[in-house]
Amino acid sequence: QRFYIPFFIGLIGNSLSIDNFFLFKIFTYISLILIIYIQYLLILKSNCNFKTAFMFISLVILNPYITRYFLSVPAMVNDVFFILGLHIFLYGLFQKNYLIFMGAIVSMISRQTGIFVFFSCFFYLFQNKMLKLLIYNFLIFISIILLSIFYAKNSSISDFDFDHLFGLIKKIFI
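The text that follows walks through the structure, step by step, so that each part is easy to find. (Residues numbered from 1 in each chain as written. Predicted model: local features only at pLDDT ≥ 70, side-chain atom pairs only at ≥ 80, totals over all residues. Heavy atoms only, no water.)

## Quick notes on the packing of aromatic side chains
Counted under the stated rule, the structure contains nine aromatic pairs. Note on Phe27 and Phe81: the rings are 6.4 Å apart at their centroids and 35° apart in plane angle, and the pair reads as tilted. A residue pair is termed long-range when its members are at least 10 positions apart, and Phe27 in helix α2 (residues 20–46) and Phe81 in helix α5 (residues 77–95) qualify at 54 residues. A ring pair is formed by Phe122 and Phe123, whose centres lie 5.9 Å apart and whose planes are at 75°; its orientation type is edge-to-face. Among the residues examined, Phe123 registers a relative accessible area of 56% and is labelled exposed. One aromatic cluster in this structure is built from Phe118, Phe119, Phe122, Phe123 and Phe141. (Phe/Tyr/Trp six-rings, centres within 6.5 Å; stacked < 30°, edge-to-face > 60°. Helix = DSSP H or I, 4+ residues; strand = E, 2+ residues; numbered from the N terminus. Buried < 20%, exposed > 50% of the residue type's maximum accessible area, 1.4 Å probe, protein only.)

See the structure below:
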């Protein structure tokens, strides 16, 4: 499931005749700025004092594994988008709105571990009786899984092994 974002970036780059690596940099920079901004919004929502707020924002900005690493290797844009999806999801939990749904989608299209964010979103929406978003969430989940299976079957020499897709879930629950 790690092909959506690079494919989208490559599609934009090839359509507009822009260097793909340059677009990876742009998407990485924008994602990091959004992560910092959402972190700031989360801090405002938590009503913490200035020292605590400064510490939490510094954890994102000064963390070498979040900012420096992704700035030096912008091709790892999937991982930045996963972190962005988690931030959107958390902010959606504070806001209690559709951002929960958007965060789950962003995290799912960027990493397979986003499936766990989907399950969290599913349970939250079910518990809060947000049935319309629950149905959308489920349909998008099925669409992402089917598109991933289609891509894996058509880009590989051998047949698609479902143990690769659900291996972590099978390991935990079975």
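## Some words on helix α6 (residues 99–110)
Helix length check: α6 (12 residues) gives 16 Å between terminal C-alpha atoms against 16 Å at 1.5 Å per residue, within 8%. Judged by how many residues are buried, α6 sits mostly within the fold: 10 of 12 residues are covered. Along α6, the residues classified as buried are Leu99, Ile100, Phe101, Gly103, Ala104, Ile105, Val106, Ser107, Met108 and Ser110. Of the surrounding secondary structure, the elements contacted by the buried residues of α6 are α1 (4–16), α5, α7 (114–127) and α8 (131–155). (Expected span 1.5 Å × (residues − 1). Contact = heavy atoms within 4.5 Å.)

## Comments concerning the environment of Ile144
Assignment of secondary structure puts Ile144 in helix α8. Residue classification places Ile144 among the buried residues on the basis of a relative accessible area of 7%. Distance in space between the C-alpha atoms of Ile144 and Tyr4 is 9.4 Å, their sequence separation being 140 residues.

## Focus: the nonpolar core
The biggest cluster of nonpolar side chains holds 22 residues, and the ones touching the most others in it are Ile9, Ile35, Val77 and Phe81. When contributions to this core are tallied by element, the ones reaching two or more residues are α1, α2, α4 (64–72), α5 and α6. Once residues lying within four places of it in the same chain are set aside, the contact partners of Phe81 are Ile5, Phe27, Ser31, Val106 and Ser110. Phe101, Ala104, Ile105 and Val117 belong to the second-largest nonpolar core, a separate cluster that totals 11 residues. (Core = buried A, V, L, I, M, F, W, Y, C linked by side-chain atoms within 4.5 Å.)

Honestly, it's all geometry; don't read function into it.
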